Amino acid sequence: MQTFHFNEPFQLESGQILPELTVAFHTYGQLQPNSKVVWVCHALTANSDAADWWKGVIGTGEVINPEEYFIVCANIIGSCYGTTGPLSTDPRTGQPYFHHFPLITIRDMVQAHILLRRHLGISRIHLLMGGSMGGYQAMEWAVAEPEVIEQLFLLATSPTESAWGIAVHTTQRLAIETDATWKNDAPDAGAAGLKTARAIGMLTYRNYGIMVKHQTDPDHSKLEGFRASSYIHYQGEKLVKRFNAFSYFSLSRSMDSHNLARGRNADVDAVLRGIQQRTLIIGISSDILCPVEEQRFMQRQLPNASLIEIDSAYGHDGFMVEGKLISAELLKWLKNQY
């Protein structure tokens, strides 16, 4: 992991200011004058090590590989994997931000990416890619710097956060707020609430079919201790060990803010029609969090877009789980076989 320090005030879309900004990032391959740059935007609880969390898509021997491309992935503002977030020290007080961390929007994240791009000396991005919240960043960036972004790869994503998504995130934040420790200024504040918030999220990342298939108990005599219950507890505890409630709370608000049309004197349809880059969109057939209707809408509006609907039982998580299927489609598209 590398870090970039921006030692000047960083203006946020809300009007608030971060006195300074640190961005954690990973790169793969060597940046040369003729390099084809691939920039990966990550989703909610991921980090900048894209080759670790997107196996089958990124890494040596994969479709996006450091032998062929210079690959960049930056941790987003508000996260807890090296980039400035709620647990970072506020230089004005000498204490962590905690509850005083300001509202961060998707556009703020993109502005941080742009600062890093300039720092690295990158003038063109051959392919900008991201799934879910990563797709939010990619679309915002394509609008912000159309002359920089050459191609887009968008998975399980949408041009605005839906009312459904906002309702889910609000429910998750309510779970965190019910934790009696949430008001504490401590890194582990709201941990029990975070566990519950993750449990709620798992129900939207997966779906009825995959849960029944993998978590149904073969023992029909049980009265308690069910496999599905253990699975949900496990997933919540696993996130608590590697994340924190402050970042989860903050980033869920960031997702709610996502709307390509905000402040652009146009509706979403018009903004999408203005994105001229060649684009590959992938939707997951069983995704209930960001259903394929969202990707079909994008494909109808984007002037140069192809849409592939992957038949997968894994729901929203399919954009992570189905690495082989996704890579095969991406490779064909990169070779202009569509």
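Residues numbered from 1 in each chain as written. Predicted model: local features only at pLDDT ≥ 70, side-chain atom pairs only at ≥ 80, totals over all residues. Heavy atoms only, no water.

Draft legend 1. Up close: the overall build of the protein. The secondary structure content of the protein amounts to 12 helices and 12 strands. Radius of gyration (C-alpha) of the protein: 20 Å, near the 20 Å computed for a compact globule of 338 residues. With the C-alpha coordinates of the protein rotated into their principal frame, the extents come out at 60 × 50 × 40 Å. Within the protein, the proportion of its 338 residues that are buried is 56%. (Helix = DSSP H or I, 4+ residues; strand = E, 2+ residues; numbered from the N terminus. Rg over C-alpha atoms; globule rule 2.2 N^0.38 Å. Buried < 20%, exposed > 50% of the residue type's maximum accessible area, 1.4 Å probe, protein only.)

Draft legend 2. The pattern of salt bridges, seen in detail. Per the counting criterion, the structure on display carries 14 salt bridges. Among the ionic pairs, glutamate 309 bridges to arginine 296, the shortest N-O distance being 2.8 Å. Of this pair, glutamate 309 sits in strand β12 (residues 305–310) while arginine 296 sits in helix α10 (residues 292–301), placing them 13 residues apart in sequence. With relative accessibility at 32%, the residue arginine 296 sits in the partly exposed group. Within this structure, Glu13, Arg107, Glu140, Arg262 and Arg264 form a network of salt bridges that share partners. (Salt bridge = Lys/Arg side-chain N within 4 Å of Asp/Glu carboxyl O.)

Draft legend 3. Spatial organisation of helix α2 (residues 106–120). An ideal rise of 1.5 Å per residue puts 21 Å on 15 residues; α2 measures up with 21 Å between its terminal C-alpha atoms. For α2, the complete set of buried residues consists of Ile106, Arg107, Asp108, Met109, Val110, Ala112, His113, Ile114, Leu115, Leu116 and Arg117. (Expected span 1.5 Å × (residues − 1).)

Draft legend 4. Seen up close, the nonpolar core. Membership of the largest hydrophobic core comes to 101 residues, with the highest contact counts inside it found for Trp39, Val40, Ile64, Met129, Met133 and Leu330. By residue number, the principal contributor to this core is α2, which donates seven residues. (Core = buried A, V, L, I, M, F, W, Y, C linked by side-chain atoms within 4.5 Å.)

Draft legend 5. The arrangement of the pairing of strand β6 (residues 70–74) in detail. Counting buried positions along β6 yields five of five residues, so the element is predominantly enclosed. Where strand β4 (residues 21–28) meets β6, four bridges bridge the pair, whose relative direction is antiparallel. Counted as the bridge partner of phenylalanine 25 is alanine 74 from β6. The sheet contact formed by strand β5 (residues 37–41) and β6 spans four bridges and is parallel. (Pairing = 2+ DSSP bridges.)

Draft legend 6. Seen up close, the packing of aromatic side chains. Applying the stated criterion to the full structure yields nine aromatic pairs. Taking 5.3 Å as the distance between ring centres and 80° as the angle between the ring planes, the aromatic pair formed by tyrosine 97 and phenylalanine 101 counts as edge-to-face. Note on accessibility: tyrosine 97 and phenylalanine 101 belong to one class, buried. Aromatic pair phenylalanine 243 and tyrosine 248: ring centres 6.4 Å apart, planes at 85°, arrangement edge-to-face. (Phe/Tyr/Trp six-rings, centres within 6.5 Å; stacked < 30°, edge-to-face > 60°.)

Draft legend 7. Spatial organisation of unusual backbone geometry. With a phi angle near 60°, serine 132 is a residue other than glycine that sits in the positive phi range. Its place among the elements puts serine 132 in the loop between β9 (127–131) and α3 (133–144). Phi angles above zero are rare outside glycine, and alanine 156 is one such case at about 45°. Summarising the element assignment, alanine 156 is placed in the loop between β10 (151–155) and α4 (163–177).

Draft legend 8. Seen up close, the sheet that holds strand β11 (residues 278–284). On the basis of which strands lie adjacent, the open sheet formed by eight strands has the order β1-β4-β6-β5-β9-β10-β11-β12 and mixed pairing. Two strands lie at the open edges of the sheet, namely β1 (2–6) and β12, each paired on one side alone. Adjacent strand axes in the sheet meet at a mean angle of 20° when their direction is disregarded. Across five bridges, β10 lies against β11 in parallel orientation. (Axes fitted to C-alpha atoms, helices over the stretch in contact; angles between N-to-C directions.)

The values reported here are purely geometric and, on their own, carry no functional implication.
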